[in-house]
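Structural overview for review
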Amino acid sequence: MEQKALFFRVGVAILGGFAGLLALLVWIGSDTFRRGGILMETYFGETVQGLEVGAQVKFRGVTVGSVRQISVAAAEYPQSVGETLATDPSLRLVVVRFELLRERVAETDARGFRQMVDAGLRVRMASQGITGIVYLEADFVDPARFPVFVPPWEPRTPYLPSVPSTLTQIQTAAERLIARLDEVDFGGLILRLDALVQTLTESVAAGEGYRLLVEAADAVAVLRSTTERVAPAIETTMREASVAATALRALMEGREMRAIMSNTATATAELRSALARLPAMAASIDQAVRRIDTLIAETDRDFGPTLRDLRVTADNLREITEQMRRYPSQFLFGQPPPGAPAPAPAGAAR
C-alpha cells in the first residue's frame, strides 16, 4: 500500500513538471505571437561572429526589436540569382532578419521606411561595452558615403540596408594603409636618405654650406656687437620713457587735470542744454520771419498808391525842369517861346 502511494506521488510530480513546462512554452509562444512586429531583413558582407538570434535591435540606445533569423544568402535565395556561391559574391552575404516593435518605431508602412532609407537610415553591428555582446544598431548616416546596396533578388521581407561596423571600417582602413606601405620602396628611400646626408655633410664641411655657416657666425657676431653698443642707449630710452610715463600719470592724476575734466564736464552739460534749446530758438526765429513777411506785405499794400503818386509827381517835376532849362523866359515873363504863333486879338473873331 505504501509502495502504491509512493508511485502515485512520483507520477503526480512528473505530471506537474510536464504541465509547468507546457505552460511555460505556451506563455513564451503567446508572447511571441502577441507582439506582431514588423519583420525586416538586411545583409552583411562581413563576419557576424557574436550575433545571435534574440540579440537586441537598438536605435540610438533604445531597444526597438530583436534578431529572429541568421542565415546565408546562398541558402535563402539560390534560385533567385541563378548563380553559385563560387561565382556570385552576393550569395556569400549573411542574411539577418529582425523584428521591430510597432509601438517603438515612427513609421510602419513601406513608403515611410523607403523615405527614411533615402535619408540615410542604415543598420550595423555594434558591441555592447566590455562584455562583447553584439547587437544591431540602427542610425542615420551619410547616404552619399554609404549608398544603398541593391540585391540581385527580390527580398522576402522589407529590406533595410546595412553599413560596415566600426571595427570593420578600422580594419579596412588599416589594411589599405598596410597595402600602401607595401608599395613604398623603403630600400630606395633609405639609399636616397643616405645620399642626402652625405651630400649635406660634404656641403657643411667644405662647400657652400660651410661658407653659409661662416657668414652666419659673422652675422651673429656683428649682431652681438651692435646689440652691445645699442644696449646703453636702449636702457637710457627705457628709463626716460618710464620717467615720462610717471610724469604723465602724475599730470593726469593732478588737481589741474581734475579741474579741466570737471570744467569739460560742465561745458559739455551746458552745450547739451544749449543744443536742447536750439529747436525752441529755431521755432521762435521762424515765427519772427513770418511776422516780418506779413508786415512787409501789409506795408507794400498801404504805400503802393502813394509811391505811384510820387512817381507821377516826379515825372511832372522832370518835365517842368526841362521846360525851365529850355525856355526860362517863358517861366519868368509868360511870353511864348520864339517862333511860336501869337495869340489872336479879341475883336478879330467878330
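All residue numbers refer to positions counted from 1 along the written sequence of the respective chain. At least 70 in pLDDT is required for a residue's local features to be given in this predicted model, at least 80 for side-chain atom pairs to be given and counted, and no such filter applies to totals for whole chains, interfaces and linings, which use all residues. To obtain the side-chain values, all non-hydrogen atoms of the structure were included, while hydrogens and water were left out.

1. A closer look at the pattern of salt bridges
Where charged atoms from two side chains of opposite charge approach closely, those side chains can pair. Any carboxyl oxygen of Asp or Glu that lies within 4 Å of a side-chain nitrogen of Lys or Arg is treated as forming a salt bridge with it. On inspection of all chains with the given rule, the structure shows 8 salt bridges. Here R60 makes a salt bridge to D139, at a shortest N to O gap of 2.9 Å. Of this pair, R60 sits in the loop between β2 (56-59) and β3 (62-72) while D139 sits in strand β6 (residues 133-140); the two residues are 79 residues apart in sequence, bridging distant segments of the chain. Of the residues examined, D139 reaches a relative accessible area of 16% and is grouped as buried. The structure contains a network of salt bridges with shared partners spanning E41, E76, R97 and R156. Secondary structure elements follow DSSP: runs of H or I no shorter than four residues count as helices, runs of E no shorter than two count as strands, and numbering proceeds from the N terminus. Only protein chains enter the area calculation, which uses a 1.4 Å probe; residues under 20% of their type maximum are buried, those over 50% are exposed, and those in between are partly exposed.

2. Things to note about helix α4 (residues 110-118)
Among all positions in α4, only G112, F113, M116 and V117 are buried. Summarising the axial view, the buried residues of α4 lie within an arc of 140°, below the 170-degree limit, and thus occupy one face. Seen from the buried face of α4, the exposed residues on the opposite side, beyond 90 degrees, are R111, R114 and D118. Contacts: residue pairs with any heavy atoms within 4.5 Å of one another. Those residues of α4 hidden inside the fold are in contact with β1 (38-44), β4 (94-100), β5 (121-128) and β6. Of the residues trailing α4, G120 is marked for its positive phi of about 115°. Picture the helix axis, draw a direction to every C-beta atom, and the arc is the one those directions span.

3. Things to note about unusual backbone geometry
Its identity as a non-glycine residue notwithstanding, R60 has a phi of 55°, on the positive side. According to the relative accessible area criterion, R60 is exposed, its value standing at 55%.

4. Here's the deal with the packing of aromatic side chains
Two aromatic rings, drawn from Phe, Tyr or Trp (for Trp, its six-membered ring), form a pair once their centres lie within 6.5 Å of each other, and the interplanar angle then sorts them: stacked below 30 degrees, edge-to-face above 60, tilted otherwise. The tally for this structure, following the rule as stated, stands at 4 aromatic pairs. Ring centres of Y77 and W153 lie 5.0 Å apart, and the angle between their planes is 10°; this geometry places the pair in the stacked category. Within this pair, whereas Y77 is found in the loop between α2 (73-76) and α3 (78-81), its partner W153 is found in the loop between β6 and α5 (166-183), the two being separated by 76 residues in sequence. Note on accessibility: Y77 and W153 belong to one class, buried. Taken together, the ring pairs connect Y43, Y77, W153 and Y159 into an aromatic cluster. Looking at K58, its charged tip hangs above the ring of Y135, at a distance of 5.1 Å from the centre. Put simply, a charge is over a ring when the Lys NZ or the Arg CZ is close to the ring centre, within 6 Å, and near the line of the ring normal, within 35 degrees.

5. Observations concerning a nonpolar patch on the surface
A surface patch of nonpolar side chains, about 820 Å² in accessible area, is lined by L177, L181, V184, F186, L189, I190, L193, L196 and L200. Among the elements that make up the nonpolar patch, the one with the highest residue count is helix α6 (residues 186-206) (6 residues). Looking at where L193 falls in the secondary structure, it is placed in helix α6. Surface patches are defined over residues having more than 30% relative accessible area and no salt bridge, joining like charges when they lie within 9 Å and nonpolar side chains (Val, Leu, Ile, Met, Phe, Trp, Tyr) when within 5 Å. Values of accessible area rely on a 1.4 Å probe in the Shrake-Rupley scheme; residue burial ignores everything except the protein chains shown.

6. Considering the nonpolar core
By nonpolar core we mean a set of buried residues, namely Ala, Val, Leu, Ile, Met, Phe, Trp, Tyr and Cys, connected to one another through side-chain atoms within 4.5 Å. Within the largest apolar cluster, 24 residues are counted, with the highest numbers of intra-cluster contacts made by L51, L100 and L136. Looking at this core, the elements with two or more residues in it are β1, β3, β4, α4, β5 and β6. Of the residues forming this core, the biggest block, 4 residues, is contributed by β4. Residue contacts for L136: discarding those within four places in its chain leaves F44, L51, Q56, V57, K58, V67, V96, F98, V123, R124 and M125.

7. Description of the confidence of the model for the protein chain
One number per residue, pLDDT, summarises how confident the predictor is, and it ranges from 0 to 100. Chain-level statistics for the protein chain give a pLDDT mean of 80 and a share of 83% at 70 or above. Ranking the helices and strands of the protein chain by mean pLDDT puts β4 first, with 94, and helix α9 (residues 328-333) last, with 62.

8. Structural notes on the pairing of β1
Across the 7 residues of β1, 6 count as buried, placing the element largely inside the fold. A strand pair is defined by DSSP finding two or more bridges across the two strands. Here β1 runs beside β4; their pairing, made up of 7 bridges, is antiparallel. Looking across to β4, one finds that F44 is bridged to V94.

9. With respect to the sheet that holds β1
One open sheet accounts for 6 strands, arranged β1-β4-β3-β2-β6-β5; its pairing is mixed. Edge positions in the sheet fall to β1 and β5, since each of these pairs with one other strand and no more. With direction set aside, neighbouring strand axes in the sheet form an average angle of 35°. Examined bridge by bridge, β2 and β6 share 3 bridges and lie parallel to one another. Counted as the bridge partner of V57 is L136 from β6. For helices, the axis comes from a line fit to the C-alpha atoms of the stretch in contact; other axes are also lines fit to C-alpha atoms, and the angle between any two N-to-C directions lies between 0 and 180 degrees. Of the strands in this sheet, β1, β4, β5 and β6 are in contact with α4, which crosses β5 at around 75°.

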